[in-house]
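Descriptive analysis of the structure
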Amino acid sequence: MSAPGGQIVVDDLTKVFGGNVRAVDQLSFSVEPGSITGFLGPNGAGKTTTLRMVLGLVRPTSGRATIGGVPYRQLPNPTQTVGAALESASFHPARTARNHLRIMCTVADLPMQRADEMLDLVGLHDAARRKVRGFSMGMRQRLSLAAALLGEPQVVVLDEPANGLDPDGIRWLRGLLRHLAEQGRTVLVSSHQLNEVEEVADRVVILNHGRLVRAGSIAELSAGTDSVLVRSPNLQALHTALTGQPVTVEPVDPTAVRVRGMSAAQLGNLAFTAGVELHELSLQRFDLEELFFSLTSGQ
Amino acid sequence: MIPVVRAEFLKLRTTQVWLWMLALAVIAGSLIVVGGLASDSVHTPRDVPDVFANANGTLLTAFVLGVLGITTEFRHQTITTTLLQTPSRWAVVAAKLFTYALVGLLYAAACAAVQLAIAVPWLSAKRIDFTLSDPDVGRAVFGPLLLFALFALIGIGVGALIRNQIVALVSGLVFILVINNIIPAIPVVKNSYAYTPAGAVTEILFPAHESTPGDVHLIGSGGGVLVLLAWALIPALIGAGYSMNRDIT
Ligand SMILES: Nc1ncnc2c1ncn2[C@@H]1O[C@H](COP(=O)(O)OP(=O)(O)OP(=O)(O)O)[C@@H](O)[C@H]1O
Ligand SMILES: [Mg+2]
């Protein structure tokens, strides 16, 4: 399963729409097999455009994207190699869910019962023979997921798959993604749900205005970012006690500061020794949301 | 390539447009034949071919079906799935050309069967000799088989080139129904009529010397087939090589 070939490489990719909209700007990153990579960025950052270029649907202005070293359009069996579910999934409204998948099975030379298996997997068994016209957003989302997984692809590319899913659906999706990654598949998921991503992704790629602002594993991004929130009625005395210590202190509000470079235990001990009264002493864990906003706001 | 063609048939079968278009072609064609037979103009075997040939307007159903066969994919964005599964735009357009030519042929066969079922007993009641082995009758009854296939191909070609459903349908129909028919009346361009779809239909269905509008020069039925093939393949080639490669967003 984890044969080489599951790697997605985006190499210096640029897309300019209509001569002036720079949707993606000299973007480079890679996505590795056996892990889930979250693809993040605010609205209009260029996530969908990037994924469409990876999938050969949008022609890059310059640069290239490959899957297992090959541009998408040259893949010999695309359905069995890459499964993709794009934003605003698109089905013929008068066609049933089952027929949509059966057409896909026909093109890819897959046995027809794959269609029914996939509908069961995504929980659409009862809606299989209904026209897509009457589907809710979450049902459409599930159907595009079924379509993406139809050929048991090595690479799975999902554009905002959690949109429209209910809490149960989101939890189920999270488990599914984990399962796919454990099987050695490459999973690239764009999302707005930062907490979801933080919970499930191994790596993140953060995009803003078409440019890469940060890429790395959650562990790398969170290294050294833990901090301690200290609240005291006498911040002046606390500042005095911290003078000369290897820490950075940033104000949070008139009665609290955020301290980096010292554990909560060390800080508590220091305050106790100096006789400073404390009203709060809490560890602040890495927060993807905060990192995201610090990287993407005000630019 | 065979799976892609089979999938095209499945796409067609899993929605209902094909049925509506078929019903339209069969019913409209039959009504025209009935109208011809009921009128006072059919007295001798020489009058028989035009009874069938006059139903040629039903060709437009094949054209419309072809246009819908490709533009519906853009309208509902199923083209994304299609191109993800078959990244070669050439393969997609070729599969559609093949599929819709065959469907056009089947449409024409259905129309011909119903029209014959009406006309044969009617003509014998009128004591007018009728034989399919007469070349003029044969061409009027079986010519549409070829023409329906060719017009379906033109529909695919125009759809691949234009992509937008409304624009493709409206411009195609306005050209065939309006512009094409006034060409013989315009002195400077009237001899280009032989190279237009309506001109080609005239060449194939009506013996060239009789009912040529505006006395324009025609090039025979073989030439007519080539003309229609060109009208199908040139847009199909530009469509597959250029339009279908434009961004799908
Ligand atoms: N076909 C198009 N023509 C012109 N501009 C486009 C086109 N498609 C996208 N854009 C522009 O490219 C930029 C990136 O859009 P894109 O859809 O890739 O963003 P995104 O990161 O997916 O956003 P969202 O989170 O809202 O889905 C936007 O400014 C958008 O307006
Ligand atoms: Mg998007």
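Quick notes on the confidence of the model for chain B
Residue and element names in this part refer to chain B.
- Considering every residue of chain B, the mean pLDDT works out to 92; 96% of them sit at 70 or more.
- When pLDDT is averaged over each helix and strand of chain B, the minimum, 89, is found for helix H9 (residues 197-205) and the maximum, 97, for helix H4 (residues 59-75).
- Two numbers describe this predicted complex: its pTM, 0.89, and its ipTM, 0.92.

Some thoughts on the domain arrangement of chain A
Residues and elements named next belong to chain A.
- As far as domains go, chain A holds domain 1 (8-222) and domain 2 (227-296).
- Relative placement of domain 1 and domain 2: their C-alpha centres are 41 Å apart.
- Facing 16 residues of domain 1, the contacting portion of domain 2 comprises eight residues.
- A buried area of about 1,100 Å², summed over both sides, lies between domain 1 and domain 2, and 76% of it is on carbon and sulfur atoms.
- Its largest share of buried area at the contact with domain 2, domain 1 owes to Leu 194, Glu 198 and Ile 206, together 42% of the area lost on that side.

Considering the sheet that holds strand S1 (residues 8-17) of chain A
Residues and elements named next belong to chain A.
- Sheet architecture is open: three strands sit in the order S2-S1-S4, paired in antiparallel fashion. Taken across any chain shown, the strands that pair with only one partner, and hence form the sheet edges, are strand S2 (21-31) and strand S4 (62-67). Averaged over all pairs of adjacent strands, the angle between strand axes in this sheet comes to 20 degrees, irrespective of strand direction.
- With five bridges joining them, S1 and S4 adopt antiparallel strand pairing.

Quick word on the packing of aromatic side chains
All names here are of chain B.
- If you walk through the whole model with that rule in mind, you get three aromatic pairs over all chains.
- Measuring from centroid to centroid gives 6.0 Å for Phe 52 and Phe 130, while their planes differ by 40 degrees, and the two rings are tilted. Remark: Phe 130 occurs in the loop between helix H6 (89-125) and helix H7 (135-162) and Phe 52 occurs in helix H3 (residues 48-53); sequence separation between them is 78 residues.
- Owing to a relative accessible area of 3%, Phe 52 belongs among the buried residues under this scheme.
- Residue classification places Phe 130 among the partly exposed residues on the basis of a relative accessible area of 22%.

Some details on helix H11 (residues 288-296) of chain A
Residues and elements named next belong to chain A.
- For H11, the full list of buried residues reads Leu 288, Leu 291, Phe 292, Leu 295 and Thr 296. In an axial view of H11, the angular spread of the buried residues amounts to 110 degrees, which keeps them on one side of the axis.
- For H11, the elements touching its buried residues are strand S3 (35-40), helix H7 (194-200), strand S8 (203-208), strand S9 (211-217) and helix H8 (218-222).

Conventions we followed
- Residues numbered from 1 in each chain as written.
- Chains lettered and ligands numbered in written order.
- Predicted model: local features only at pLDDT ≥ 70, side-chain atom pairs only at ≥ 80, totals over all residues.
- Heavy atoms only, no water.
- pLDDT = per-residue confidence, 0-100.
- Helix = DSSP H or I, 4+ residues; strand = E, 2+ residues; numbered from the N terminus.
- Domains from an automatic or database assignment.
- Contact = heavy atoms within 4.5 Å.
- Buried area = accessible area lost by both parts, 1.4 Å probe.
- Pairing = 2+ DSSP bridges.
- Axes fitted to C-alpha atoms, helices over the stretch in contact; angles between N-to-C directions.
- Phe/Tyr/Trp six-rings, centres within 6.5 Å; stacked < 30°, edge-to-face > 60°.
- Buried < 20%, exposed > 50% of the residue type's maximum accessible area, 1.4 Å probe, protein only.
- Arc of directions from axis to C-beta.

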